[in-house]
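Descriptive structure summary
If you want the building blocks of each chain, they are given just below.
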Amino acid sequence: MTLDNILEEIKKAENIVVLTHETPDGDAIGSSLAMNLILQKLGKNVDVVITQFPKTFSFLPQAENVKNEIEIKTYDLAISVDCATLNRLDGKELFEKAKRKIVIDHHGSNTMYGEINYVNPVAPACCEILAGMLEYWDIDIDIDTGSCILTGIITDTGGFKHASVTAETFEFTAELLRKGVNVSDIY
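Attention in this report is confined to the structure presented alongside it. Since we're looking at a predicted model, the values are computed, not measured.

Focus on unusual backbone geometry
Trans peptide bonds make up the majority, and among non-glycine residues the majority have a negative phi. The backbone phi angle of D82 is positive, close to 60 degrees, even though this residue is not glycine. As for its placement among the helices and strands, D82 is situated in the loop between β3 (77-81) and α3 (92-97). Its identity is not glycine, yet F160 carries a phi of approximately 75 degrees, on the positive side. Of note, F160 is situated in the loop between α5 (143-156) and α6 (167-178). Note on F160: relative accessible area 19%, which makes it buried.

Below you can see the structure in the form of structure tokens.
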């Protein structure tokens, strides 16, 4: 299964770069920072590269560690989150040079530009996909990771008012609240 393949690639990699789309929104930022925290839990060396990081999201855990520029080097693995096409990817040179490439996204327009693509166009946010991945991998979502995930869900669902919101969206959100994620702080 694709999720097993993704975890296998992560485990094999030592140095990983996380990338997202240009002009990032809350789901792009939340997905990138959540992925960073997940990879750190798995003992990986991680760089998150976002050239234009919106200050609105500077309250999120690990925001201070985002790099806005980086010397082009070859990573063992590049993970693109919340980005439908290679042309929109911020830091696409890093993605192209990586030894292995994974795409995790929720856009129906995704062009499947990775070697491994995990795309769920029914999910209202990439962060919801990450929450499901962690559940599948049996990796606990702590408050920091949960705060990043909830940020992406809130922003991409328009505060839960878009038609893409499902019962599963509320179930993930309820679980994050039970873990101590503060929804009012994120709003």
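Here's the deal with the nonpolar core
Counting 49 residues, the largest nonpolar core has I6, I79, I104, W137 and I149 as the members making the most contacts within it. For this core, the element with the most residues is helix α4 (residues 126-137), which contributes 8 residues. When neighbours within four sequence positions are excluded, I149 is seen to be in contact with A34, C127, A131, L134, I141 and L176. The next biggest cluster of nonpolar side chains, apart from the first, holds 12 residues, and it includes Y75, L89, F95 and A98.

Notes on the side chain of D156
Residue position: D156 is located in helix α5. It is R88 that comes nearest to the buried, bridge-free D156 among opposite-charge side chains, at 9.9 Å. Within polar-contact distance, the side chain of D156 engages the side chain of H106 at 3.1 Å. In contact with D156, not counting residues within four places along its chain, are D25, D27, D82, H106, P124, A125 and H162.

Observations regarding the environment of D142
You can see D142 is positioned in the loop between α4 and α5. Side-chain polar atoms of D142 contact the side chain of K41, separated by 3.5 Å.

What about the sheet that holds strand β5 (residues 116-119)?
Pairing is parallel across the open sheet formed by 5 strands, whose spatial order is β2-β1-β3-β4-β5. Both edges of this open sheet fall to β2 (45-48) and β5, since each of them pairs with a single strand only. Between one strand axis and the next, the sheet turns through 15 degrees on average, direction left out of account. Judged from the 4 bridges that link them, strand β1 (residues 15-19) and β2 form a sheet pairing that is parallel. Bridge pairing in β2 places V18 opposite V48. Helix α1 (residues 2-12) contacts β1, β3, β4 (100-105) and β5 of the sheet and is inclined by roughly 130 degrees relative to β5.

As for the packing of α5 against α6
Pairs of packed helices are described in terms of their axes, by the angle between the two and the distance that separates them. Relative orientation of the contacting elements α5 and α6 amounts to 145 degrees, with a least axis distance of 10 Å. α6 is crossed by α5, and the crossing has left-handed handedness. Taking contact as the criterion, the partners of G146, I149, L150 and I153 in α5 are, on α6, T169, T173, L176 and L177. Residue composition of the contact of α5 with α6, grouped by class: 5 nonpolar, 3 polar and no charged.

About the criteria used
- Residues numbered from 1 in each chain as written.
- Predicted model: local features only at pLDDT ≥ 70, side-chain atom pairs only at ≥ 80, totals over all residues.
- Heavy atoms only, no water.
- Helix = DSSP H or I, 4+ residues; strand = E, 2+ residues; numbered from the N terminus.
- Buried < 20%, exposed > 50% of the residue type's maximum accessible area, 1.4 Å probe, protein only.
- Core = buried A, V, L, I, M, F, W, Y, C linked by side-chain atoms within 4.5 Å.
- Contact = heavy atoms within 4.5 Å.
- Lys, Arg positive; Asp, Glu negative; His and termini not counted.
- Salt bridge = Lys/Arg side-chain N within 4 Å of Asp/Glu carboxyl O.
- Polar contact = N/O pair within 3.5 Å; in protein donor to acceptor, adjacent residues only side chain to side chain.
- Pairing = 2+ DSSP bridges.
- Axes fitted to C-alpha atoms, helices over the stretch in contact; angles between N-to-C directions.
- Left-handed = near helix turned anticlockwise from the far one by under 90°.
- Nonpolar A, V, L, I, M, F, W, Y, C, P; charged D, E, K, R; others polar.

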